[in-house]
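# Understanding the architecture of this molecule
Each chain, written out:
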Number of protein chains: 2
Amino acid sequence: MTDIKQLSQTKVFEGYHAQYSHQSSTLNCTMQFAIFLPPSASEDTPVPVLYWLSGLTCTDENFMQKAGALKLAAELGIAIVAPDTSPRGDDVPDDPDEAYDFGKGAGFYLNATQEPWNTHYQMYDYVVSELPKIIEAEFPVTSRKSISGHSMGGHGSLTIAIKNPDSYCAVSALAPIANPSNGLWGQKAFSHYLGEDRSTWSEYDATALITQRGFDKPILADVGTDDSFEAEELHSQIFLDAAKAAGVDIEFNYHEGYDHGFYFVASFIDDHLRFHAKYLLAD
Amino acid sequence: MTDIKQLSQTKVFEGYHAQYSHQSSTLNCTMQFAIFLPPSASEDTPVPVLYWLSGLTCTDENFMQKAGALKLAAELGIAIVAPDTSPRGDDVPDDPDEAYDFGKGAGFYLNATQEPWNTHYQMYDYVVSELPKIIEAEFPVTSRKSISGHSMGGHGSLTIAIKNPDSYCAVSALAPIANPSNGLWGQKAFSHYLGEDRSTWSEYDATALITQRGFDKPILADVGTDDSFEAEELHSQIFLDAAKAAGVDIEFNYHEGYDHGFYFVASFIDDHLRFHAKYLLAD
């Protein structure tokens, strides 16, 4: 069994928020995650889990502190788990320029294949396999889970769900990087983590994946019309077109005047929680 | 008229959050504040204002980002203004040790009388007079206002309201420093800002003020039972006893298991917004 070490525990909305560290065998480093447990969670009444994947530069803290999600999650009876966005520590290689869009804080939820990144940057396996095993062993939760995220985390939630449709009850994304092979952030990350052979990139590109595989689970995405990253980084319209062409029944909303930031996430997170609750809590 | 300069504007919950800087004639430095305007605010339908005073180390950003207050404020139709917690800039003297509990980020919402602090540290006059004048001149708001705050900001909200009962429709506080003359934070700040003559301290001590003056406006306070600062810094029980002894009709709640942090604020901020709305929006 993995040893996890509690770093903090704080009562919030009658449930609690806690942070833990553990030695990740997938990432070969010490990782930190945050969990919110609603007041209804107990060994006798375990609750389902929403995994939240954050965007570039974030840690386990940003979503829990800024999204305003915990009140409704407490009411609905859903746990939320927020992992970090990359491996961490002095042994983990980083962007030589310490840029915000690659290396630490920018793991892109993939399994790197290229030196020197492949030793630690295995966030796909961490989120899909190692972390849920720990959560389900250590906390009063069921095996029912769903996944959501923002920006790079929306890329992560979409790609992970499309590749693992049986593992998640539903998927959603806010302002996702939805066609990373086509954007500067994605191209920088993929060329380093996966190499220059672009045929390998489609395994981590939501637009390519949904075209190849389709998707038959509930899927929701929201984007602001004033998101300054849409045209060059997110390409959510390309993803939406691909989803429709693949016959996927996607709920996709543009929101007039909203930008890319956390106030956009906060404004629509309750819609996402209610969406996930519908499937996580279904009989 | 004061020139104010917009630093950001972001749509949130159909209203908007914005930050401004301006040259403060009270504080003799450039100051920054944040404002949330609900979607109902317009020149034809101005809205009342809740002034929020933050705690030690905070800026105009912490409450807006972390409290989760904007959703309900948007629904209720209340503007929120969050000033910074001290004067700022290279010309402003700071704690020689850059401690978190004195100097920048720790203005204690008072008018300093002692050198070298008295040139800039005049947060009381800034919050009571200069800032509302700017807000009422520049934004679609009415002159109806109330005031709330957390920790050092709860000290600020209580002392300002008790000294200006005709200016505010209501006052509330979360985990306020309620008897600062009796705590280490307050004693450090007051001895530097106001001098060693303790008779001057009572002008900025909520417990002394409510004993001397009473208070006949609506007043609400919440404190967590696991607040590690209660025993040596907050002294909320002493304040509650003084309020009762002065015949003040105070609503005061202890919350089992909550601590001093922002998750406590988030858990109860909606109660405070509804409390203020009852009086701000009354005919």
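Structure shown above.
Residues numbered from 1 in each chain as written. Chains lettered and ligands numbered in written order. Predicted model: local features only at pLDDT ≥ 70, side-chain atom pairs only at ≥ 80, totals over all residues. Heavy atoms only, no water.

## Focus: the overall build of chain A
Our working rule: Secondary structure elements follow DSSP: runs of H or I of four or more residues count as helices, runs of E of two or more count as strands, with numbering from the N terminus. Here the radius of gyration uses the C-alpha set of atoms, whereas the globule reference equals 2.2 Å times the residue count to the power 0.38. Relative accessibility thresholds used throughout: buried, under 20% of the residue-type maximum; exposed, over 50%; partly exposed, between the two (1.4 Å probe, protein chains only). Here a residue-residue contact requires only that any non-hydrogen atoms of the pair lie within 4.5 Å. The Shrake-Rupley method, run with a 1.4 Å probe sphere, supplies the accessible areas, and residue values consider only the shown protein chains as cover. For the charge count, each Lys or Arg is scored as positive and each Asp or Glu as negative, with His and the chain ends excluded. Throughout, a charge is located at the NZ atom of Lys, the CZ atom of Arg, the CG atom of Asp or the CD atom of Glu.
Each helix and strand counted, chain A has 9 helices and 9 strands in total. In terms of overall dimensions, chain A is globule-like: its C-alpha atoms have a radius of gyration of 17 Å, near the 19 Å expected for 283 residues. In terms of principal-axis extent, the alpha carbons of chain A reach across some 50 × 40 × 30 Å. Within chain A, the proportion of its 283 residues that are buried is 63%. Sequence-distant contacts, at least 24 apart, represent 71% of the contacts inside chain A between residues at least 6 apart. A total accessible area of about 10,500 Å² is found for chain A, and carbon and sulfur atoms account for 45% of it. The positive charge centre, built from 17 side chains, and the negative charge centre, built from 40, are 4 Å apart in chain A.

## Some thoughts on the side chain of aspartate 84 of chain B
All names here are of chain B. As for its position among the elements, aspartate 84 is in the loop between β5 (79-83) and α3 (123-138). By relative accessible area, which is 5% here, aspartate 84 ends up buried. Setting aside its immediate chain neighbours within four residues, aspartate 84 contacts Met31, Gln32, Cys58, Thr59, Asp60, Tyr109 and Met123.

## A word on the interface of chain A and chain B
Using the following cut-off: Put simply, buried area is the surface a 1.4 Å probe can reach on two separate parts but cannot reach once they are joined, added for both. Salt bridges are defined as contacts in which a side-chain nitrogen from Lys or Arg sits within 4 Å of a carboxyl oxygen from Asp or Glu. In protein, a polar contact means a hydrogen-donor-capable atom and an acceptor-capable atom, both N or O and within 3.5 Å, with residues adjacent in sequence counting only if both atoms are side-chain atoms; elsewhere, any N or O pair within 3.5 Å suffices. Put simply, Ala, Val, Leu, Ile, Met, Phe, Trp, Tyr, Cys and Pro go in the nonpolar bin, Asp, Glu, Lys and Arg in the charged bin, and everything else, Gly too, in the polar bin.
In this complex, chain A contributes 19 residues to the contact, which on the side of chain B involves 19 residues. A buried area of about 1,900 Å², summed over both sides, lies between chain A and chain B, and 51% of it is on carbon and sulfur atoms. Joining chain A to chain B, the criterion identifies 2 salt bridges. Between aspartate 270 of chain B and lysine 71 of chain A there is a salt bridge; the shortest N-O distance is 2.4 Å. There are 12 residue pairs in polar contact (both at pLDDT 80 or more) connecting chain A and chain B. Where the side of chain A that touches chain B is concerned, the elements lending two or more residues are β1 (4-12), α1 (61-66), α2 (70-76) and α9 (262-280) of chain A. The element that contributes the greatest number of residues to the side of chain A that touches chain B is α9 of chain A, accounting for 4 residues. Taken together, the residues of the side of chain A that touches chain B break down into 7 nonpolar, 5 polar and 7 charged.

## Section: the packing of helix α6 (residues 206-213) of chain B against helix α8 (residues 236-245) of chain B
When two helices pack together, their arrangement is captured by the angle between the axes and the distance separating the axes. All names here are of chain B. Formally: Lines fitted to C-alpha atoms define the axes, with helix axes restricted to the stretch in contact, and inter-axis angles between N-to-C directions lie between 0 and 180 degrees. Any angle between 65 and 115 degrees counts as roughly perpendicular, while under 35 counts as roughly parallel, over 145 as roughly antiparallel, and the rest as oblique.
Packing of α6 against α8 brings their axes to within 9 Å, and their N-to-C directions diverge by 5 degrees. By the angle between their directions, the pair α6 and α8 is classed as roughly parallel. Only Ile238, Phe239, Ala242 and Ala243 of α8 make contact with α6, whose side of the interface consists of Ala206, Thr207, Ile210 and Thr211. Split into classes, the residues belonging to the contact of α6 with α8 amount to 6 nonpolar, 2 polar and no charged.

Remember that the coordinates give geometry; whether it matters functionally is a separate question.
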